[in-house]
Amino acid sequence: MNRFLQPIAIIFWKDILLELRSKDIIISAAVFGFLVVIVFNFALNVTPRLVTQLAPGILWVAFAFAGTLAMNRSFVREKEQGGLEGLLLTPVSRDAIFLGKALVSFLFMLIVEAALLPVFAVMLGFSAFSFMLILTIVLATLGFATVGTLFSAIAVQTRSREIMLPVLFFPIILPVIIGAVEASSQAIGGDGGAGIGKWLPLIGVFDALFLVICPWVFSFVVEE
Amino acid sequence: MSSSQASEAILVEGLHKSYGDWPVLWDLNLSVGWGEFVVLFGANGTGKTTLLRVLSTQARPESGTVKVSGFDCVRRAESVRSRVGVVGHSGFLYEDLTCRENLMFYGQLFRIDHIRQRVDDVLSQVGMTQRADHRVKTLSHGMQKRVAIARAILHQPQVLLLDEPEGGLDQESLAMLSSLLSEWTQAGRTVVMTTHNVELGLSWADRVAVLSDGGLQFQDSETCRDSAKLRRRLTPEPSPEADGETAQTAGNSNE
Amino acid sequence: MATVDRVKQPLLSFSNALVVLGAALMLVDVYLIFMVAPTDAVLGNIQRVFYFHVPMAIMSFLAFFVVFIASILYLIKRDQKWDRLAHAAAEVGVVFVTLALITGIIWARPVWGVWWTWEPRLTTTLILWLIYVAYLMIRAYAPNRTQGALYAAVVGIVGFVDVPIVYYSVQWWRSIHPSAVVGPLAESGALEPVMQGILLFSFLAFLVLFLYLVVERMALRGLEDQVRLLKFSLHRTGR
């Protein structure tokens, strides 16, 4: 492995090991996401006729909220245990630290989503096993994790860190939420994915753009 | 050290650093040679921690040159980081990992050769071999400090920076640290330490300096050799940080 | 102290010139809008909001573009003046975008029959408002001013890059959920030449107002910074 990829992998494994020990991120995020669905079910009274209209929205609201919770926890853990400062003292480039953390958030969110999706599918009554749906989830989650990691690193330094993350995160991530909801709706509705062609590239462009910008600006976020 | 071409371990010229618009250090000059043990004294809020954070590249100097082992702390930060070891207020350890896992993690990031052997060595050096596979959160404060010291010397840094390391350490641990540090400087490496303990600082140091008023005062003068005078000089004065607006600003990163 | 930099006098005299020019232009503009501009045949007097709404919306986009450029320059050069410019432009931009939203709502009610519609430009403007309110919040909530400036610069860059994507996503989203309330002038093309001229004049007046506010705000930030340094040197000599 080369000098750039190796530290990313090391940071990635460290966070997985920490999560295996404490289990506080994935489980709490999954339970929270589950609660969001339950609450929506009562708030909106999802009848079978409305499922294709409402299910994608509920799904992505749950994923987005569970995701911010998970990413926030991930940086709070680094901050509280002094690990972030320790990481910054190593001769590893800031880009690699960012990508390591973003990759972990990406994986944790995918795990949470993989756990929630079948439950949602059963409760809301749609088919979860669509290639297009899974592709949409992977692409959108990549954008979430990239932008979310950057803003978690900022939010964790501020007063009222729990509020700052969503305040920064949701306006920026809006195109991904719109795209993901629309693409999921096509995938669930079974239009054969005709209208999906527009949305996945949009999310892809978002991902690519922010995968370039976020590692660059991350170095300024951790400076003092 | 032979591996380094730089004539000075640490060279600081005209350093200015403020948090927000509140200056902490201004026009600070410092030069430390190889194998030197320098102890920094100073009342709370005089910028001891800030100076160490600048030397370790954690804080970015606003103006002035800061070179560690010949490398500029801003432009060649990564080269500086691989040559500097830090014992800070926080141990930089993950509580849910064991001592060994923590050291292995940092060792890999520092790209150490024969890493397992090296981790065993430093653990025995700080007397933590017995507890190597215990999670850090199960250790006492003093033991965590020992592991933090092991973490700092893991990559055999040429310059070791210690910020009030005596906190939480018992007599035995202090003796361990003392012998470790004297071995360190005998090998031609450099140590910079801050402390509030005047006796300890005077007995360990080759050279002492007092931080006050944004810079280093009377480095190595008569005052510094006389512990009574030194202590009088260090009695806390009303510091600017007592003022309401700046208390939070300065409180973030100073003592 | 050596680091106290004097607030530049030229900046203040420049701002004096701008305020005179701006006031004159604004008075003429108001006269043109209410006394000269013809009443719109379809929409009536409410159409006059347009001469305020469009320039303010455009000026807020200009402001956020300035924030974007100044943020990049601040991160690269670390010169306080770029941070002052970004900060000033962001504050003025938020004021303008807020006013653009309010005048938009005043316009929408009689013309489209609703207070609010999720039309792409409106929605994008709302998202802009949210992003730059977050920009000002992060400055206020940061642990200190230096870090606040860095965080704000990051938000200023990421937020601006995001704007076109927001616009396209909302536009495509609208094409799927067609709006039932698109009014007669939703995509009106041709304006009368007189109206066009007055609109251009309005742009000029608001551009001068925008410049004046930014320059004045920057000078104020400069004074704030200077006061902080003076307070500090008083502390030093006081003890």
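A brief report on the enclosed structure follows. For every chain, the first residue of the written sequence is number 1, and numbering continues from 1 onward in sequence order. Following the order in which they are written, the chains are lettered starting with A and the ligands numbered starting with 1. Where totals are concerned, whole chains, interfaces and linings use all residues; where local detail is concerned, this predicted model gives features only for residues with pLDDT of at least 70, and gives and counts side-chain atom pairs only at 80 or more. Working from all heavy atoms in the structure, the side-chain values ignore hydrogens and water.

## As for the overall build of chain A
Note the threshold: Runs of H or I in DSSP of at least four residues are treated as helices and runs of E of at least two as strands, each being numbered from the N terminus. A radius of gyration in this sense is built from C-alpha atoms; the matching globule rule multiplies 2.2 Å by the number of residues raised to 0.38. Burial classes follow relative accessibility: with a 1.4 Å probe on protein chains only, a residue under 20% of its type's maximum area counts as buried, one over 50% as exposed, and anything between as partly exposed. Two residues form a contact once any of their heavy atoms are found within 4.5 Å. Residue-level accessible areas treat just the shown protein chains as cover; the underlying method is Shrake-Rupley with a 1.4 Å probe. Here Asp and Glu are counted as negative and Lys and Arg as positive; His is not counted, and neither are the chain ends. For charged residues, the charge sits on one atom: NZ in Lys, CZ in Arg, CG in Asp, CD in Glu.
Assigned secondary structure in chain A consists of 8 helices and 0 strands. Mapped in sequence order, the helices and strands of chain A form the string α-α-α-α-α-α-α-α. For 224 residues, the compact-globule formula gives about 17 Å, and the C-alpha radius of gyration of chain A, at 18 Å, lands near that figure. Here the C-alpha coordinates of chain A stretch approximately 55 × 30 × 30 Å along the principal axes. For chain A, the proportion of its 224 residues judged to be buried stands at 59%. A sequence separation of at least 24 residues applies to 81% of the contacts in chain A between residues at least 6 apart. As displayed, chain A has an accessible area near 8,300 Å², and 71% of this comes from carbon and sulfur atoms. Across chain A, the 13 positively charged side chains and the 14 negatively charged ones have centroids separated by 3 Å.

## Considerations on the sheet that holds strand 5 (residues 71–72) of chain B
All names here are of chain B. For the record, the criterion: By the convention used here, strands pair only if DSSP detects at least 2 bridges between them.
With antiparallel pairing, 4 strands are arranged side by side in an open sheet as 2-1-4-5. Every other strand in the sheet has two partners, leaving strand 2 (22–32) and strand 5 as the edge strands with one partner each. Note: strand 1 (residues 10–19) against strand 4 (residues 63–68), 5 bridges, orientation antiparallel. Considered in strand 4, the bridge of Val-12 is made with Val-66.

## Observations concerning the packing of aromatic side chains
This is how it is decided: For Phe, Tyr and Trp, rings pair up if their centres lie within 6.5 Å, where Trp contributes its six-membered ring, and each pair is then called stacked (planes under 30 degrees apart), edge-to-face (over 60) or tilted (otherwise). For a Lys NZ or an Arg CZ to count as sitting over a ring, it must be within 6 Å of the ring centre and within 35 degrees of the ring normal.
In total, this model carries 27 aromatic pairs over all chains according to the counting rule given. Pairing Phe-144 of chain A with Phe-169 of chain A gives two aromatic rings, centres 5.8 Å apart and planes at 90 degrees, and the pair type is edge-to-face. Of this pair, Phe-144 of chain A sits in helix 6 (residues 131–155) while Phe-169 of chain A sits in helix 7 (residues 161–189), placing them 25 residues apart in sequence. For Phe-144 of chain A, a relative accessible area of 0% puts it in the buried group. The buried category is assigned to Phe-169 of chain A, whose relative accessible area is 0%. Judged by centre distance (5.9 Å) and plane angle (75 degrees), the rings of Tyr-167 of chain C and Tyr-168 of chain C are edge-to-face. Residue Tyr-168 of chain C is classed as partly exposed on the basis of its relative accessible area, which comes to 44%. Grouping aromatic residues by their ring pairs yields a cluster made of Trp-60, Phe-63, Phe-65, Phe-120, Phe-144, Phe-169 and Phe-170 of chain A. The ring of Phe-75 of chain A carries Lys-101 of chain A above its face, with NZ or CZ at 5.3 Å from the centroid. Stacked on the ring of Trp-184 of chain B, the Lys or Arg Arg-189 of chain B has its end atom at 4.5 Å from the ring centre.

## Details of the interface of chain A and chain C
Which entries qualify depends on this criterion: Two parts placed together each lose some accessible area under a 1.4 Å probe, and the buried area is that loss summed for both. Salt bridge criterion: a side-chain nitrogen from Lys or Arg within 4 Å of a carboxyl oxygen from Asp or Glu.
Across the contact, 30 residues belong to chain A and 31 residues belong to chain C. For the pair chain A and chain C, the summed buried surface comes to about 2,900 Å²; carbon and sulfur atoms form 79% of the total. When the buried surface of chain A facing chain C is broken down by residue, Arg-159, Pro-171 and Phe-220 of chain A rank first, second and third, together holding 16% of it. One salt bridge connects Glu-223 of chain A with Arg-78 of chain C, and the closest N-O pair in it is separated by 2.6 Å.

## What about the packing of helix 3 (residues 80–112) of chain C against helix 4 (residues 120–141) of chain C?
Residues and elements named next belong to chain C. Stated formally: Note on method: axes are straight lines fitted to C-alpha atoms, helices fitted across the in-contact stretch only, with angles between N-to-C directions ranging 0 to 180 degrees. By definition, any crossing whose near helix is turned counterclockwise from its far helix by less than a right angle is left-handed, and any crossing with a clockwise turn is right-handed. Here the nonpolar group is Ala, Val, Leu, Ile, Met, Phe, Trp, Tyr, Cys and Pro; Asp, Glu, Lys and Arg are the charged ones; every other residue, Gly included, is treated as polar.
Where helix 3 meets helix 4, the axes come as close as 9 Å, and the angle between the chain directions of the two elements is 145 degrees. Where helix 3 crosses over helix 4, the handedness of that crossing is left-handed. Contacts between helix 3 and helix 4 involve Asp-83, Ala-86, His-87, Ala-90, Glu-91, Val-94, Val-97, Thr-98, Leu-101 and Trp-112 from the former and Leu-122, Thr-125, Leu-126, Trp-129, Tyr-132, Val-133, Tyr-135, Leu-136 and Arg-139 from the latter. Along the lines of polarity and charge, the residues of the contact of helix 3 with helix 4 split into 13 nonpolar, 3 polar and 3 charged.

## Considerations on the sheet that holds strand 6 (residues 84–87) of chain B
Residue and element names in this part refer to chain B. If you trace the 6 strands from one edge of the open sheet to the other, you get 6-7-8-3-9-10, paired in mixed fashion. Here the strands that pair on one side only, and so sit at the sheet edges, are strand 6 and strand 10 (215–217). On average, adjacent strands in this sheet sit at an angle of 25 degrees to one another, irrespective of strand direction. Looking at chain direction, strand 6 and strand 7 (residues 159–163) are connected through 4 bridges and run parallel.

## Here we look at a nonpolar patch on the surface
Residue and element names in this part refer to chain C. Applicable threshold: Like charges are joined within 9 Å and nonpolar side chains (Val, Leu, Ile, Met, Phe, Trp, Tyr) within 5 Å, but only among residues with over 30% relative accessible area and no salt bridge; these make up the patches.
Taken together, the side chains of Val-30, Tyr-31, Phe-34, Met-35, Val-36 and Val-194 present a nonpolar region at the surface, about 580 Å² in accessible area. Here the nonpolar patch takes 5 residues from helix 1 (residues 9–36), the largest share from any one element. Among the structural elements, Val-194 can be located in helix 6 (residues 193–238).

## What to know about the nonpolar core
Note on soluble globular proteins: their nonpolar side chains tend to be buried together. As a reminder, the rule being used: Buried Ala, Val, Leu, Ile, Met, Phe, Trp, Tyr and Cys residues form a nonpolar core when they are joined through side-chain atoms within 4.5 Å. As used throughout, domain bounds are those supplied by an automatic or database domain assignment.
Ranked by size, the top nonpolar core spans 216 residues in total, and within it Phe-126, Leu-150 and Phe-151 of chain A together with Leu-181 of chain B carry the most contacts. Composition of this core by domain shows at least three residues from each of domain 1 (8–83 + 157–234) and domain 2 (94–155) of chain B. Apart from residues lying up to four places away in sequence, Leu-181 of chain B is in contact with Phe-37, Leu-160, Leu-162, Val-191, Met-193 and Trp-204 of chain B. One finds Ile-33, Phe-50, Ala-108 and Ile-198 of chain C within the second-largest nonpolar core, a separate group that totals 15 residues.

## Things to note about the pairing of strand 3 (residues 37–41) of chain B
Residues and elements named next belong to chain B. Within strand 3, 5 of the 5 residues are buried, which leaves it mostly tucked inside the rest of the structure. The alternating pattern of strand 3 places Phe-37, Val-39 and Phe-41 and Val-38 and Leu-40 on opposite faces, both of which are buried. The pairing of strand 3 with strand 8 (residues 190–194) spans 4 bridges and is parallel. Note that in strand 8 the partner of Val-38 across the bridge is Val-192. Taken together, the 4 bridges between strand 3 and strand 9 (residues 207–212) define a ladder with parallel strand orientation. Its bridge partner lying in strand 9, Leu-40 is registered against Ala-209.

## Concerning helix 6 of chain A
Residue pairs spaced three or four apart in an α-helix point in one direction, given the helix's 3.6 residues per turn. Residue and element names in this part refer to chain A. Under the convention used in this document: Expected span of a helix: the number of residues minus one, times 1.5 Å. Working definition for bend: take the seven residues up to and ending at a residue and the seven starting at it, fit an axis to each, and measure the angle between the axes.
For helix 6, built from 25 residues, the straight-helix expectation of 36 Å at 1.5 Å per residue is met to within 8% by its first-to-last C-alpha distance of 35 Å. Gly-148 marks the point of greatest bend in helix 6, at about 25 degrees. Among the 25 residues in helix 6, 18 count as buried, and that is most of the element.

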